[in-house]
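# Chains, contacts and geometry: an overview
Residues per chain are reported as follows:
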Amino acid sequence: MATEPHGTVETTEAPKHESSGLPQLQFEHWGGQIVWLLLIFAVLFAVLSKVLLPRVSSAIEERGAKIAGDIADARRLKDEAEVQARAAAAEVAEARAKAQKTAADAKAKASAEAAERQAKEEAALAEKLAAAEARIQASRDVAMGHVRTVASETAGAIVEKLTGKAASAAELKASLA
């Protein structure tokens, strides 16, 4: 131990504290700990309520507004798409009706033209048939005229061979009638 000039004794030993466990659980330290707890809580509460929470709530509100706007835009676009789809369906139905009408008109026109051509062909064939029948009738009349002559000659030849005498024209005409 060294003595100082003023009479105080200097010790190299550290002051001794009574240590009986954790200081948080010792009642003599609770007062200061509660003060620090309240001070830190107040600072954190002030920082959170004045700085951080308004930023978070404004971000949430902005995001909600953006989502609501996007939903409104999507509904508007959906309604426009439905209107356009209905218009397109109406145009398709109208085009289909026009196509069916055009096809029906073309079919009717083709049928009319075919009927007209058929009528012309039938008329031409009827003319040809009438002319052919007239030629046949004339040929038949001519042939029948020849048949009478041939029959008269044949009958005259048969009578002459059988009887030995020639038959008269009046007798041959009477036998053929």
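Residues numbered from 1 in each chain as written. Predicted model: local features only at pLDDT ≥ 70, side-chain atom pairs only at ≥ 80, totals over all residues. Heavy atoms only, no water.

Another point: the packing of aromatic side chains. Following the criterion strictly, the structure yields 1 aromatic pair and no others. Residues Phe41 and Phe45 carry aromatic rings whose centres are separated by 6.2 Å and whose planes lie at 25° to one another, so their mutual orientation is stacked. Of this pair, Phe41 and Phe45 both sit in helix α1 (residues 30-163), 4 residues apart, which is roughly one turn of that helix. Taking the relative accessible area as the measure of exposure, Phe41 reaches 58% and is therefore exposed. (Phe/Tyr/Trp six-rings, centres within 6.5 Å; stacked < 30°, edge-to-face > 60°. Helix = DSSP H or I, 4+ residues; strand = E, 2+ residues; numbered from the N terminus. Buried < 20%, exposed > 50% of the residue type's maximum accessible area, 1.4 Å probe, protein only.)

Within the fold, Ser152 resides in helix α1. The exposure class of Ser152 is partly exposed, given its relative accessible area of 22%. Separated by 19 residues in sequence, Ser152 and Glu171 have C-alpha atoms that sit 9.7 Å apart. The contacts of Ser152, once residues within four sequence positions are left out, are Val147, Leu172 and Leu176. (Contact = heavy atoms within 4.5 Å.)

Before going further, it helps to examine the confidence of the model for the protein. Averaged over all residues, the pLDDT of the protein equals 85, while 86% of them reach at least 70. By mean pLDDT, strand β1 (residues 2-3) is the weakest element of the protein at 51, and α1 is the strongest at 92. (pLDDT = per-residue confidence, 0-100.)

There is a patch of nonpolar side chains on the surface, built from Trp36, Leu39, Ile40, Val43, Leu44, Val47, Leu48, Val51, Leu52 and Leu53 and spanning about 910 Å² of accessible area. Positionally, Ile40 belongs in helix α1. Take Ile40: its relative accessible area is 48%, and that puts it in the partly exposed class. (Patch = residues over 30% accessible without salt bridge, like charges linked within 9 Å, V, L, I, M, F, W, Y side chains within 5 Å. Areas by Shrake-Rupley, 256 points an atom, 1.4 Å probe, with all protein chains shown as cover. Salt bridge = Lys/Arg side-chain N within 4 Å of Asp/Glu carboxyl O.)

So, about the pattern of salt bridges. The full count for this structure, using the stated rule, is 8 salt bridges. In this structure, the salt-bridge partner of Asp70 is Lys66, at a minimum N-O distance of 3.3 Å. In this pair, Asp70 and Lys66 both sit in helix α1, 4 residues apart, roughly one turn of the helix. On the basis of relative accessibility, which here comes to 39%, the residue Asp70 falls in the partly exposed class. Under the relative-accessibility criterion, Lys66 is labelled exposed at 54%. The residue Lys98 makes a salt bridge to Glu94 at a minimum N-O spacing of 3.4 Å. Linking Lys98 with Glu94, this pair stays in helix α1, spanning 4 residues, or about one helical turn. A relative accessible area of 53% places Lys98 in the exposed class.

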